Amino acid sequence: MADPITVAVLQARLSAIAEEMGEAMLRTAYSQILNSSRDFSIALIDAQCRLVAQADHIPVHVGAMPWAAKALAARFPDPAPEDVYILNDPYRGGSHLPDLTVFVPVFAAGKLLLWSVVRAHHSDIGGATHGGYNPGATEIWQEGLRLPPMRLTENGVLREDLLEMLALNVRHPRDFRGDLAAQIGAARLGGQRLAAVVEEFGADVLQDAIEAMLDAAERHARAIVAGWADGVYEGEAVLDDDGFDRTDIVIRARVTKQGSDLTVDLTGSDPQVTGFVNSSHANTQSAVAMAFAFLLDPDLAKNEGAFRPLTVKLQEGTVVWAREGAPVTMCTSHCSNEIVEAIVVALAPACPERAMGGWGRRLRIALSGTDPRTRRRFIWHMFQARPGGGGSVAGDGYSTIGEWHSAGGIKFGSLEVAETRFPLLFETHEWRPGSAGDGRHRGGLGAEMRLRVETEGQAVANTAGEGVVHGARGILGGQDGAPHAYALLAPGQAPRPLRSKEVGVPVPAGAVLHIRSGGGGGWGDPARRDSEDRIRDQAEGLA
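So, here's what we can say about the structure. Here the structure is a predicted model, which is why all the values come from computation and not from measurement.

**Focus on the sheet that holds strand β11 (residues 261-265)**
- Read across the sheet, four strands follow the order β9-β10-β11-β12 without closing on themselves; strand pairing throughout is mixed. With one partner strand each, in any of the chains shown, β9 (231-241) and β12 (310-313) form the two edges of the open sheet. Across this sheet, the average inter-strand angle for adjacent strands is 20 degrees, counted without regard to direction.
- Where strand β10 (residues 247-258) meets β11, five bridges bridge the pair, whose relative direction is antiparallel. Within the sheet, the bridge partner assigned to Arg 254 lies in β11 and is Asp 265.
- Relative to the sheet, helix α9 (residues 336-347) contacts β9, β10 and β11, its axis offset from that of β9 by approximately 145 degrees.

Here it is in structure tokens:
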């Protein structure tokens, strides 16, 4: 067995490799969704398809990657050392179709040792609507290109015919090619760095160290869970609708805690729906792992060992495990957020000092139009005006931090850069007073934004998300955060409220998108809030 010092050195080394891969991805990607909003994630996965290391990016991505590795291993049991592999199919370990996952294998003495993995959200993936989200989809084939595990190279040489086929089926092939090249480059960089580690320490030492890392994370996680009260706990979370005929769709979590083991049973959740808020199996497994991770210590290594105390029970045909063919593009946000919320609500009585109020829900806008400065078509994804995070025992929630599924990993980037790159003018972008759920510690505030669209001619918007009816959940007596309120203010027209799932909304040149995002849920009894905190909120105009 590797000695403890070597294990610590290698754990830090693997984490550093994942972080360096992320920096390479950030600096070489073409599209705004990646090089500004950072909607990508990095993982190192071993030959047994176990998560070994990750960087701090998007939690809901990473938890699904081992399932993608399993699908890849089933299709290619003997991967070639020089080749690059790719997939995006949600029913084969993908998150949703816009997220492409690139794998580079790392060998030692002819034996597969690790996978260097990059998952990235592309700005378009074909399908019936621009931007990768189709609220009108009733089946996955209406959502975009669907890629099973496949070789992107042969003997290390890029398959230009395959790349041309992929690029031909998306709306902005230049960005697609550039972003995919960035993924390949970042994954190959990880492979090179891992090869250097093997050369320096040897494959046997590295493998022994990995086992020690996983075992240490398991011991740490079990020690935490063992301190929670034994029992059977139940929690629910509710989605607004599926965009069709279903409203108030319920996720039900029944959580059994015994000793250092935790079983999360979601089989009582509502049946799958017509619209795209269904979840695939891999995405739900990731959401459950994410909820568990949020209740652990921040310094605990989030690898496969940390999740060994966790058992997940699902029922195919429910909204948390849709049968193959159902639309699922929204699932990385919703119902992921609601899965996390239901589990945290359930476990709050068992570990109140670790539970937190609900984080705001995702409601995105994808805008397509022509930039009058360049006469080029563009797709812009709204990452601004993020919702607030939940309050906790540590204090008030973070304002405009975003949603649970990304845990602050997605950024909205510079407004000035966005105005330079797109025909947009941010008239206001500030906190939304009164949006936070009250509590002993209130939630974080959402945002209020007025965005003027300065396109040549009419643009078209799609909305995709949740949280217009149900706000972020308050916990342990805390109040819910305010729901979203979006509107289109077109010249000479009455304000038009925007629903959370719309396709093809006309946006005239000069129109303003008035965005008011929801706040986070409160933690604890509002009657116990410090009076000085209330005075400060009033003085700062936040209440």
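That covers the picture; the talk isn't over yet.
**Concerning the layout of surface pockets**
- Roughly 470 Å³ of internal volume is contained in the second largest pocket.
- Taken together, 17 residues line the second largest pocket, and the ones lying closest to its centre are Asp 175, Arg 376, Arg 377, Phe 378 and Phe 422.
- Element by element, the count of residues in the lining of the second largest pocket is highest for strand β14 (residues 376-381), at four residues.
- Grouping the constituent residues of the lining of the second largest pocket by class yields four nonpolar, six polar and seven charged.

**What about the pairing of strand β13 (residues 363-371)?**
- Most of β13 sits inside the fold, with nine of its nine residues counted as buried.
- Bridge analysis of β13 against strand β17 (residues 459-465) gives six bridges, and the strand direction is antiparallel. Along β17, the bridge assignment pairs Ala 366 with Asn 462.
- Where β13 folds back onto β14 in an antiparallel hairpin, the turn is made up of four residues, including Arg 375, whose phi is positive at roughly 65 degrees.

**Examining the environment of Gly 391**
- With respect to the element layout, Gly 391 can be found in the loop between β14 and α10 (415-421).
- Sequence separation between Gly 391 and Gly 132 is 259 residues; the distance between their C-alpha atoms is 32 Å.
- Look past the residues within four positions of Gly 391 in its chain and what remains in contact with it is Met 356, Gly 357, Asp 396, Gly 397, His 441, Arg 442, Gly 443, Gly 521 and Trp 523.

What counts, and where the lines are drawn
- Residues numbered from 1 in each chain as written.
- Predicted model: local features only at pLDDT ≥ 70, side-chain atom pairs only at ≥ 80, totals over all residues.
- Heavy atoms only, no water.
- Pairing = 2+ DSSP bridges.
- Helix = DSSP H or I, 4+ residues; strand = E, 2+ residues; numbered from the N terminus.
- Axes fitted to C-alpha atoms, helices over the stretch in contact; angles between N-to-C directions.
- Contact = heavy atoms within 4.5 Å.
- 1 Å grid on protein atoms, 1.4 Å probe; cavity = no way out; pocket = protein on both sides within 12 Å on 5 of 7 lines; lining within 4 Å.
- Points joined across faces, edges and corners; volume = space filled by probe spheres on them.
- Nonpolar A, V, L, I, M, F, W, Y, C, P; charged D, E, K, R; others polar.
- Buried < 20%, exposed > 50% of the residue type's maximum accessible area, 1.4 Å probe, protein only.

As far as function goes, none of this settles anything; it's purely spatial.
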